[in-house]
Amino acid sequence: MVYGPTAIYSLGQGAILPLLPIVAREFGADLATAALVAAMLVVGQLCGNLPAGWLVARVGERYTMVLASGVSLLGVAGMLLSRHLGVLMVSVFVLGMSAAAFGLARHSFMTTRVPLAFRARALSLLGGSFRLGAFAGPFIAAALLAIFGDEHSSIWFFGACLLLVGLLVAFGPDPEERAIAAERAARARRAAEPADALEPEDTGEAVTGSIPTQARLGMFATIRANRRVLSRLGVAAASLSFVRASRPAILPLWGLSIGLDSSTIALIVGIAGALEFALFYASGQVMDRFGRLWAAVPALVLMGGAMIALAFTHEAGEAAMWFGVFASVIGVGNGLSSGILLTLGADVAPKASPAAFLGAWRTITDAGGALSPLVVSALTAVASLSVAAGAIGVVGLLGALAFVRWVPRFVPNRP
């Protein structure tokens, strides 16, 4: 009940992502407008993080996820019934806002309930659940398209996934209620023990909901109280999101620019994606055993260094070979970074108001990811694709230095 609904939700969303530009073209959109329709999902997520943090803090994780599934169904209905490009864009935007609420609700639960000793592994599995959709969703979309011959079949599949998720979350066992019951039972056992066997100290936090009730702050008060960590470690995390998001923007364009055909580009990018997906749990193991820096810094060094090296191979004699090598290195680096942003956000979130803080944290990191394709496009238009790849690599190396600087200051030590 922790990972299953997330995996189902991400599978449905991953199935519609490759087809959004195609559906937009059916409404007469040109290439730029079709790309804008697909980008509305990211814009919706970016705009939805802060409201989602407020909602989770008010009604809890379970009701937020049920509400997000229901609102997503409205977005799916809008996509199926729309006959106008504007309605399609609004529907995709609604899906993005709902995805932000769904992701933040589960992130908030894990932040509050998972012990520090295995927090990174748990959140890497959560990140892997989201990556499962990005990896397997396009294959599901291709199979549905082959069977039904209609792009709308993937939208229907997403709707079915949303309905299943809503029913599971609404009527299935609630992990939050089980965690609260376990905590109450543990308190009762401690109270029944002799006085000298009690815990050295008691925090006095009432277990009445999804988060401790002491000193709960509002959304903007939480942001003000944590502005130092958000403006320092948050910006470092945004650099990682920036480099990650550049991969799907740069790699296909690079393959086209060196003269590769579509099938070869798809094969190379697919191999890099498989390496990325295969390593998602290894990242959690490294972070829990050795510390957060041992996953974050190597991941950024690998991705940043590979981007810089790739920038010098465009005119090389074996450009296709180097493209395959460095695309794989970027995939390995991206795999090693799985769950890092979730884990760091959980590490530095205040106990009193984790949902509000995580809303701000995810807004900053999502902004880094949303900015990346725009920077790639601008640098490619002004200079060249090689300059864009080199600039992304420099941002990656600077981000690694920022992590070295700020992680030891803000993140608690390993248990």
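Above this text is the structure in question.
Only a predicted model underlies this, so the values are computations on that prediction, with no experimental measurement involved.

**Student:** Looking at this structure, I do not really get the overall build of the protein. What am I missing?
**Tutor:** Counting its secondary structure elements, the protein contains 17 helices and zero strands. Rg of the C-alpha trace for the protein: 22 Å, near the compact-globule value of 22 Å for 415 residues, within the 12% margin. If you line up the protein on its principal axes, its C-alpha atoms span 75 × 50 × 35 Å. Sorting the 415 residues of the protein into buried and exposed places 51% on the buried side. For the protein, contacts bridging at least 24 residues in sequence account for 84% of all contacts bridging at least 6. Total accessible area on the protein is roughly 18,200 Å²; 69% of this is exposed by carbon and sulfur atoms. Both charge centroids of the protein, one from 28 positive and one from 22 negative side chains, sit 7 Å from each other.

**Student:** Even after reading the chapter, I still don't get the pattern of salt bridges, so can you show me in this structure?
**Tutor:** Any two side chains of opposite charge can pair, on the condition that their charged atoms come close. For the structure shown, the criterion picks out six salt bridges. The salt bridge partner of Arg 119 is Asp 347, with a shortest N-O separation of 2.7 Å. Separated by 228 residues along the polypeptide, Arg 119 in helix H6 (residues 119-148) and Asp 347 in helix H15 (residues 340-348) bring together distant segments of the chain. Classification of Asp 347 as buried rests on a relative accessible area of 9%. Between Asp 347 and Arg 292 there is a salt bridge whose closest N-O contact spans 2.7 Å. Of this pair, Asp 347 sits in helix H15 while Arg 292 sits in the loop between helix H12 (280-290) and helix H13 (293-311), and the two are 55 residues apart along the sequence. When salt bridges that share partners are traced, they join Arg 119, Arg 121, Asp 288, Arg 292 and Asp 347 into one network.

**Student:** Would you mind going over empty space enclosed by the protein with me for this structure?
**Tutor:** With the rule as written, the count across this model stands at one cavity of 30 Å³ or more. Here the largest cavity defines a volume of roughly 100 Å³. Lining of the largest cavity is provided by twelve residues; of these, Arg 62, Met 65, Arg 106, Asp 174 and Pro 175 occupy positions nearest its centre. Broken down by secondary-structure element, the contributors of at least two residues to the lining of the largest cavity are helix H4 (61-81), helix H5 (85-113), helix H7 (152-171) and helix H8 (175-192). With three residues, the top contributor of residues to the lining of the largest cavity is H4. Within the lining of the largest cavity, the residues separate by chemical class into seven nonpolar, no polar and five charged.

**Student:** What should I look at first to understand the nonpolar core in this one?
**Tutor:** If you look at the biggest cluster of nonpolar residues, it comprises 86 residues, and the most contacted ones within it are Leu 233 and Phe 403. If you tally residues by element for this core, the top one is helix H10 (residues 227-257), at twelve residues. Setting aside its immediate chain neighbours within four residues, Leu 233 contacts Val 348, Trp 361, Phe 403, Trp 406, Val 407, Phe 410 and Val 411.

**Student:** I'm lost on the side chain of Asn 226 in this one. Help?
**Tutor:** You can see Asn 226 is positioned in the loop between helix H9 (219-225) and H10. Residue class for Asn 226 comes out buried when judged on its relative accessible area of 15%. In this structure, Asn 226 is in contact with Pro 350 and Phe 357, ignoring residues within four places of it in sequence.

**Student:** What should I look at first to understand the environment of Val 43 in this one?
**Tutor:** Turning to its location among the elements, Val 43 is positioned in helix H3 (residues 31-59). Since its relative accessible area comes to 35%, Val 43 is described here as partly exposed. Taking the C-alpha atoms as reference points, Val 43 and Val 56, 13 residues apart in sequence, are found 20 Å from one another.

Here is what the cut-offs are and how they apply
- Residues numbered from 1 in each chain as written.
- Predicted model: local features only at pLDDT ≥ 70, side-chain atom pairs only at ≥ 80, totals over all residues.
- Heavy atoms only, no water.
- Helix = DSSP H or I, 4+ residues; strand = E, 2+ residues; numbered from the N terminus.
- Rg over C-alpha atoms; globule rule 2.2 N^0.38 Å.
- Buried < 20%, exposed > 50% of the residue type's maximum accessible area, 1.4 Å probe, protein only.
- Contact = heavy atoms within 4.5 Å.
- Areas by Shrake-Rupley, 256 points an atom, 1.4 Å probe, with all protein chains shown as cover.
- Lys, Arg positive; Asp, Glu negative; His and termini not counted.
- Charge placed at Lys NZ, Arg CZ, Asp CG, Glu CD.
- Salt bridge = Lys/Arg side-chain N within 4 Å of Asp/Glu carboxyl O.
- 1 Å grid on protein atoms, 1.4 Å probe; cavity = no way out; pocket = protein on both sides within 12 Å on 5 of 7 lines; lining within 4 Å.
- Points joined across faces, edges and corners; volume = space filled by probe spheres on them.
- Nonpolar A, V, L, I, M, F, W, Y, C, P; charged D, E, K, R; others polar.
- Core = buried A, V, L, I, M, F, W, Y, C linked by side-chain atoms within 4.5 Å.

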